[in-house]
Structures are given as C-alpha cells and as structure tokens.
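# An overview of the molecular structure
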Amino acid sequence: MITVRRARTITAPRSRIRAFGLRTRLLAAFLLVAAVSAGTTSALTYREARNALLKTTQDTAVATFREQVQQTGFGLPVIQREGLEEVLRDLARKGKPRPWVVFAEYGSFRASSGENPVSTVITPQLRRAAQANPYGGFERVVKDGVPYLTIAMPTVFKTGPYSTLPSGLVLYAVMRMTDEQINVDALLTAARDGALPGLAVALVPGLIAARSVLRPVRELRRAARSMGSGRLDTRIAVRGNDELADLAATFNESAAQLEDSVQELREAEARARRFASDVSHELRTPLAGMLAVTEVLDEDADHLDADTARAVRLVSAETGKLAVLVEDLMEISRFDARAAELNADEVDVAEAIRKTLQNRHWTEDDRVHAELPAGIRARLDPRRFDVVIANLVGNALRHGGAPVTVGLRTGERPKGTPVLITEVTDRGPGIRPESIPYIFDRFYKADAARTRSAGSGLGLAITQENVRLHGGTIRAGNRPDGGAVFTVEIPLDTGGLTA
C-alpha cells in the first residue's frame, strides 16, 4: 500500500535580527566597495591637488629667485658685509610668492638678510647640490613642525656662449610654506569630509539594491514555507530576466511537477486504500461462513482419521489467521482514511490493563506480571488502549521470552507536560539494533527467516496508530540486562490525575 503522509503545518519562526544575515552582508559589501572607491578617489584627488599646489609655489619661487640672482651684480671678492647684506635684503623684498630670507656663503664668509647669518634649515645635501650643479637646486624641509622651501643658487662667470665658471658665492633663499600647509590641510579635510557623506549617500542605493535582491528571496522563503504546510499550488511571480527571475521560474516548474507527483501519489494511495477496504469487506462474509464450518470440523476432528484431522486443524488455524488479517487490514484502512475516531473516557488505567490481561487469560500463569500502582486515572479510549496493551503483550509472548512485565507510572516530558507511561518488557533475546527503526512498519519481519508467524504483521503498526490517536508516542528498545522493552507515553491532564 502506498502511503502519503499528511503535510504537517510548519509554524513560521519569529522574526529576529540576523547580525550576519544576507541584508547585512550585501550592505557591508556595497559599503566596502563604496568606501574603497571613495577613499581611492579622495586620496588620488588630494595627492594631485597637493602636488599641483606645492609645485606652483615651488616653481614660482625657484624661477623668481634664479631671475633675481642673475640680474644682480656682485663684486668679488666679497670684503664688506654691509654692502652684501643690503643686496640680500633687496633680493628678499622681491621674493615671490612671498618674501624670502636670503643667505650668502662665500668660503668662510656668511651673511643674510635676516638677523642670523647662518640658516639652520639649509641641509648639507642642498649645499652639495649647489656646488655640483651651476643651476642650483631646491629642497622642501620641515623643521619643528614648520615647512620650508630652500633654494640654492650659485653665482657664475660666463666664459663663453655655453660655458660658465663658478664664482664661489652661493645664495640661498628660505621661504616659509605655512600658507601652503594650511591649504594642503584644508584639502585633506575636504577629501575626508567629502568621502563620509559619499558613504552615507551610497547607503541609499545599497538599501535599494539589497531590497531588490532580498525581495525574491523572501518570496521564495514564503512560497517554500507555504508548500511545506501543504499548499502545493503556491507559485512565485516572475519579474524581469535576471538570475533571480530564472530562480523563480525554476521554483514554479519544480512546484508544478511536485504538485502533479503528489496528486498522483494521493490518487494511488486512495485507490490502494479503497482496494484494501473493499477486499476486506468482501472477505468478511465468506470468512464468517468458513469460520463457522471450521468450528464444526474442529469439534468432529477427534472422530476423523489422523491425516484428515491434521488437515482440518490446519485449515481451521489458517482460517483464523486470515480472519485476524482481514480485521487488521480494515483497521489500518480506517487509519489511512482518517476515519478512526477517539472515544475517550476517564478510566482507571491499572484496572483497564488488568481487564485486558484477564480477558486473554494471561494472568492464569506466571508468564505475565503486572506492576500497576492504584489511583492513576486518565482520559483514554478503552477499546483502543486495550488493543495497545494486548498487541504489545502478545508480541512479547510470541517473539520475546517470559516472564513479560507490564509497568505503569507517570512522568513529565522535557517541557513539563505530564504523561502516562506504560512499559512492556520481556526476557527474550531483544531486538536487533538494525531492526529498531523499522519495528513499527507494516508487515516488517525482524527475523528474515521467520516468514510466517501467528500474527498478521500489522499488530505493532496498529498499536502505533492507536497511540498517535491519543496524541502519544511509542518507542522500542532493549533492556541493559537483556530483553525488549516497548514504552508508550500518552499526554496526561494533571487535572485528571489522582494519587
């Protein structure tokens, strides 16, 4: 029989903030790209603007100083300091883009347009460059946090159209670059302050992009949850022609195929269920007649010859098994058709178990022991609970080993729900570990060599369905000291429990 289990309703999880969810990762990636782009652009813009600003100031100062030095006449050798200092002050006043402090070095002779004849800003590297190059040189120096531009310009004698001879007199111009530093700092601040608003602006398209990506994902999640709850006709609207649209189209195609497959399985299940039910109903009438005939034959079997008596008893036994199988098939069909009903009533559980054992004459010998504390009452379906106990005890007697013990107690589930616990244990070889997951399957044989048994092969499956109808669970296992144990847990209303 093909069985399609009813889809369970899936409860939507509570909305929660995901610290590293898809939205967060998309926004982080978008902002990272925006930050790298804005930072790179700002850094390049700052560097180019800074170089252009400094180069303009530097080229203006160097060209002006060179021109003023070339236009100024110096009498050599230098003897009088006063006359040279006056020339140096005149050069300093003509400084561009702002005034200079001009220094002169001629051998050991030192003079300047300022108060100190020697500059502490001029470096030995610049002095060597001035001696090696007749066109002089320049250098940017920072001293005590103040930026300076230092220019070295040697004076020369022209000995020909293209040849010169150093005179030994070297002039130096020192110019503060505080204004340029202020402008550079302003550029840095502008670049930094411009990048931060850019990131804030980039957040808006980032949110829009994340929403456009997450919207189909959310729709897909809702559709998958809807299908999981049994609505197989759920579909997703396909928008656009991108990869997400392809994903939505693929989901719709898969959902349609799944819906068709499940519909076919449900139809096949319905046909199989009707077939089993119809066959069982059709067999009940002839079986009733056969059982009546076999009972008569059983009574006269002692008056028949040995072979005929053996055949009569075999036919009678097999007819009884067939009748049990038909009844079990009809019961299974009712469960499959969701037609089984629970007629619960408040019962004394211990008394109900004792009646089950007495009605089957299991208390007349020492094969079955009962450990049933008094005072436990619960709302159960007496007929179905009788089937549960009878099937478990009968299974233990047939396939386990005596003595079989039926225990009863109450307990709690991990969430605090009170439950009625019934245990049936035996002293047999136990259940093979590989058989435990399948022990409640229909027609399952734990022993492959045992192709025939006294039962129908549906007893444990019917037991499980009856326990589920009570809202409980059943599990099978082995005792540490040997033997199988079946544990039934049925929710117990604490209001119906009395000690």
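Let me begin by describing the structure that accompanies this report. (Residues numbered from 1 in each chain as written. Predicted model: local features only at pLDDT ≥ 70, side-chain atom pairs only at ≥ 80, totals over all residues. Heavy atoms only, no water.)

Turning to the overall build of the protein chain, a few remarks are in order. When its secondary structure is counted, the protein chain shows nine helices and twelve strands. The 499 residues of the protein chain split such that 34% are buried. Partitioning the intrachain contacts of the protein chain with sequence separation of at least 6 by distance along the chain shows that 66% fall at a separation of at least 24. Within the structure as shown, the protein chain displays about 29,900 Å² of accessible surface, and the carbon and sulfur contribution to it stands at 55%. (Helix = DSSP H or I, 4+ residues; strand = E, 2+ residues; numbered from the N terminus. Buried < 20%, exposed > 50% of the residue type's maximum accessible area, 1.4 Å probe, protein only. Contact = heavy atoms within 4.5 Å. Areas by Shrake-Rupley, 256 points an atom, 1.4 Å probe, with all protein chains shown as cover.)

Attention now moves to the pairing of strand 8 (residues 377–380). Only one face of strand 8 is buried: it carries Ala-378 and Leu-380, and the other face, with Arg-377 and Arg-379, is open. Note that strand 6 (residues 345–348) and strand 8 share four bridges and pair antiparallel. Pairing of Asp-348 across the sheet is with Arg-377, part of strand 8. (Pairing = 2+ DSSP bridges.)

Another point: the side chain of Ser-229. Looking at the secondary structure, you find Ser-229 in the loop between helix 4 (178–228) and helix 5 (243–300). Assessed through its relative accessible area of 18%, Ser-229 is described here as buried. Among the polar contacts made by the side chain of Ser-229, one reaches the main-chain carbonyl oxygen of Ser-226 at a distance of 2.7 Å. Within the structure, Ser-229 has its side chain in polar contact with the side chain of Arg-231 (distance 3.4 Å). (Polar contact = N/O pair within 3.5 Å; in protein donor to acceptor, adjacent residues only side chain to side chain.)

What follows is about the packing of helix 6 (residues 306–336) against helix 9 (residues 459–469). Where helix 6 meets helix 9, the axes come as close as 10 Å, and the angle between the chain directions of the two elements is 35 degrees. Considering only the axes of helix 6 and helix 9, their crossing is left-handed. Every residue of helix 9 that contacts helix 6 at Asp-328, Glu-331, Ile-332 and Phe-335 is listed here: Ala-461, Ile-462, Glu-465, Asn-466 and Leu-469. A breakdown of the residues in the contact of helix 6 with helix 9 according to their chemical character gives five nonpolar, one polar and three charged. (Axes fitted to C-alpha atoms, helices over the stretch in contact; angles between N-to-C directions. Left-handed = near helix turned anticlockwise from the far one by under 90°. Nonpolar A, V, L, I, M, F, W, Y, C, P; charged D, E, K, R; others polar.)

Further remarks concern helix 7 (residues 349–359). If you check which residues of helix 7 are buried, you get Val-349, Ala-350, Ile-353, Thr-356 and Leu-357. Axial view of helix 7: buried residues confined to an arc of 125 degrees, hence all on one face. Lining the buried residues of helix 7 we find strand 6, strand 7 (368–371), strand 8, helix 8 (382–399), strand 9 (404–412) and strand 10 (418–425). Where helix 7 begins, the capping side chain belongs to Asp-348, and its oxygen is found 3.2 Å from the backbone nitrogen of Ala-350. A positive phi of about 60 degrees marks His-361, the residue just after helix 7. (Arc of directions from axis to C-beta.)

Turning our attention to the pairing of strand 12 (residues 484–491). By the criterion of burial, strand 12 is predominantly enclosed, with seven of the eight residues buried. Relative to strand 12, strand 10 runs antiparallel, the two being bridged by seven bridges. Looking at the pairing, Leu-420 lines up with Ile-490 of strand 12. Inspection of the sheet shows strand 11 (residues 473–478) paired to strand 12 by six bridges, in the antiparallel sense. Residue pairing in the sheet places Asn-478 in a bridge with Ala-484 of strand 12. Counted between consecutive antiparallel strands, the loop separating strand 11 from strand 12 contains five residues, among which Gly-482 sits at a positive phi close to 105 degrees.

Here we come to unusual backbone geometry. With an omega of 5 degrees, the peptide bond running from Lys-96 to Pro-97 counts as cis. Among the secondary structure elements, Pro-97 is positioned in the loop between helix 2 (81–93) and strand 1 (101–106). Cis rather than trans, the peptide bond between Ala-402 and Pro-403 has omega equal to 0 degrees. Note on placement: Pro-403 falls in the loop between helix 8 and strand 9. You will see that His-361, though not glycine, has its phi angle at about 60 degrees, which is positive. Along the chain, the position of His-361 falls in the loop between helix 7 and strand 7. On the accessibility criterion, His-361 (49% relative accessible area) is partly exposed.

The final tally for this structure, using the stated rule, is two aromatic pairs. With centroids separated by 5.2 Å and ring planes inclined at 90 degrees, the aromatic side chains of Phe-65 and Trp-100 adopt a geometry described as edge-to-face. Of this pair, Phe-65 sits in helix 1 (residues 22–71) while Trp-100 sits in the loop between helix 2 and strand 1, and the two are 35 residues apart along the sequence. For the pair shown, Phe-65 and Trp-100 are each scored as buried. A centroid spacing of 6.1 Å and a plane angle of 85 degrees characterise the contact between Phe-440 and Phe-486, whose relative ring orientation is edge-to-face. One end of the pair, Phe-440, is in the loop between strand 10 and helix 9; the other, Phe-486, is in strand 12, with 46 residues separating them in the sequence. (Phe/Tyr/Trp six-rings, centres within 6.5 Å; stacked < 30°, edge-to-face > 60°.)

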